[in-house]
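# Tertiary structure, described
So you can see what is in the structure, the chains are spelled out below.
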Amino acid sequence: MNTLGMFPLRACAGLVGRRSRMCIRSPHSFPGITVAQIDEEVSKLLQLKAQLGGDDGKHQFVLKTAKGTRDYNPKQMAIREKVFSTITRCFKRHGAETIDTPVFELKETLTGKYGEDSKLIYDLKDQGGELLSLRYDLTVPFARYLAMNKITNIKRYHIAKVYRRDNPAMTRGRYREFYQCDFDIAGQYDPMIPDAECLKIVHEILSELDLGDFTIKVNDRRILDGMFAVCGVPDDKFRTICSTVDKLDKMAWVDVKKEMVNEKGLSEEAADQIGEYVSMQGGMDLAERLLQDQKMCQSKQACAGLTDMKLLFTYLQLFQVTDKVVFDLSLARGLDYYTGIIYEAVLTQAGVAPTPVSTEAQNGSSVPGEESVSVGSVAGGGRYDGLVGMFDPKGRKVPCVGVSIGIERVFSIMEQKAEASAEKVRTTEVQVMVASAQKNLLEERLKLTTELWNASIKAEVMYKKNPKLLSQLQHCEDAGIPLVAILGEQELKDGVVKLRTVATREEVDVSRADLVEEIKRRTSAV
């Protein structure tokens, strides 16, 4: 038994905090406890008190957010809402409806769906007999939703937070808690038409956000698997080698090859053959060339993927997006559930100086993975025809294809651009400030403000009985409020309001009856 546990509670309280009097009785009251033992326990408690800090024993702690998370101030939230609005408009323009799913799922729902990235899943403590995990993405919960509700046909978007026990890189928009913006098409359709629309959506969003130059890389899991097969990769190593190839955007080819050979047990010959293929980039011409390749044409699934790739580029030409799309054999995307086309959008320049390209890269003689380094991936997705069937009791498959916008990285870039720009970011949408030029007009200001609110005008009033006019005008300048409705005794007699444009300081009298329409007209473009 811990001897300290035999002390009266008041004794412990007296040792840790000065406000309680020490109340330890004679050692003779506790048989078997020596004075030395008591002194030792007292010493431990005093040390604990020193560690906690403060004379009154209050716990001292650092106010901070958890690792990999952050707060957002009003200016940052205004930027985020603008981005969300742009993305949502695009999703709706393409006919999507929205759903929501729980932030946590049964652990077994998520297990085995993410390959080597499964170690990044946040597991929760046992809650009443259910083993739960925070969702890693929005795709697996979507597949579970389809199977559970027996839905075989839907075009949906979902914007929500996901969680990953990743090593955060805050400046690059990599967090442990972050938003994903997903668009998916589920259903049995003719090949490559839904896939091409997903790429069109990525093109539209990145173009409208004006983040800088970007490239959309495309590949196909069937082409990758066929390439691994003809290069001599054993069947049981396909997924693990795929995960290594997926690191080519972060690692040089020499390091990727080293991991394949030294850690994954692949032969050097097989790795070198893979290296030849993953250096290839192009468009429909590359697909045609690979269909004639002596090795690749030996794989039926590679040929099927290459045929679909040609069809995809045909539709992309009709959608007018081929200027940004590249068929890139190094693109792997390590998630286990992809079965066909895969794609990833990367910013090659985002309002910052591009990374210099080496002389070897300019001459086209660089090894794979050592070309100019991109700013980072901002969207990714692909086809996952087997995922829903993994949840269906009868294994019924629902073909799906989708894309996820990496919104946090987009936010980071937008915030950097806002900081570098002289343009002021408005954090409210107030159209007009109701002000007074004289004292004792609070009731009149509140009456006018109520009229404007009832007419769906975004209006604001100062919470003072007699604010100075200069203070009211200065608030409009600081908050970016475009108009001021000024009331005075003369205006009240004449039944008008003096409407002031903050930017130009121009003032005009507007009749009270026409004020709402005049404010709407002047702020319609704001």
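Definitions and limits used
- Residues numbered from 1 in each chain as written.
- Predicted model: local features only at pLDDT ≥ 70, side-chain atom pairs only at ≥ 80, totals over all residues.
- Heavy atoms only, no water.
- pLDDT = per-residue confidence, 0-100.
- Contact = heavy atoms within 4.5 Å.
- Buried < 20%, exposed > 50% of the residue type's maximum accessible area, 1.4 Å probe, protein only.
- Helix = DSSP H or I, 4+ residues; strand = E, 2+ residues; numbered from the N terminus.
- Pairing = 2+ DSSP bridges.
- Axes fitted to C-alpha atoms, helices over the stretch in contact; angles between N-to-C directions.
- Phe/Tyr/Trp six-rings, centres within 6.5 Å; stacked < 30°, edge-to-face > 60°.
- Lys NZ or Arg CZ within 6 Å of the ring centre and 35° of its normal.

Okay, the confidence of the model for the chain next. Per-residue confidence for the chain gives a mean pLDDT of 86, with 86% of residues at or over 70. This model gives residues 351-374 a pLDDT under 50, and the stretch forms 27 contacts once residues within four places in sequence are excluded.

Quick look at the pairing of strand β9 (residues 341-347) now. Summarising burial for β9: 7 of the 7 residues are buried, a large majority. Taking every second residue as pointing to the same face, both faces of β9 are buried, with I341, Y343, A345 and L347 on one and I342, E344 and V346 on the other. Across 7 bridges, the pairing between strand β6 (residues 214-220) and β9 is antiparallel. Bridging across to β9, K217 finds its partner in E344. Both β9 and strand β10 (residues 376-383) contribute to a ladder of 6 bridges, which runs antiparallel. By the bridge assignment, E344 is partnered in β10 with G380.

Judged by pairing direction, the sheet is mixed, and its 5 strands sit side by side in the order β13-β12-β14-β15-β16 without closing on themselves. With one partner strand each, in any of the chains shown, β13 (459-461) and β16 (506-511) form the two edges of the open sheet. Averaged over all adjacent pairs, the angle separating strand axes in this sheet is 30 degrees, with direction ignored. Of the strand pairs in this sheet, strand β12 (residues 432-436) and β13 are connected by 3 bridges, and their pairing is parallel. When the bridges of β13 are listed, M433 appears paired with E460. Docked against the sheet, helix α17 (residues 469-479) engages β12, β13, β14 (483-487) and β15 (496-501), running at close to 170 degrees with respect to β12. Sheet strands in contact with helix α19 (residues 515-523) are β12, β14, β15 and β16, and its direction is about 10 degrees off that of β15.

This brings us to the packing of aromatic side chains. For the coordinates displayed, the defined rule picks out 7 aromatic pairs. Ring centres of F84 and F411 lie 5.4 Å apart, and the angle between their planes is 85 degrees; on these two criteria the pair is classed as edge-to-face. A residue pair is termed long-range when its members are at least 10 positions apart, and F84 in helix α3 (residues 74-93) and F411 in helix α15 (residues 407-420) qualify at 327 residues. Of the residues examined, F411 reaches a relative accessible area of 1% and is grouped as buried. Centroid distance F91 to F183: 5.6 Å. Interplanar angle 35 degrees. Geometry classified as tilted. You can see F91 sitting in helix α3 and its partner F183 sitting in strand β5 (residues 177-186), a full 92 residues away along the chain. The same class applies to F91 as to F183, namely buried. By the ring-pair criterion, three or more aromatic residues cluster together here, those being F84, Y179 and F411. Over the face of the ring belonging to Y136 we find R164, whose NZ or CZ atom lies 3.8 Å from the ring centre.

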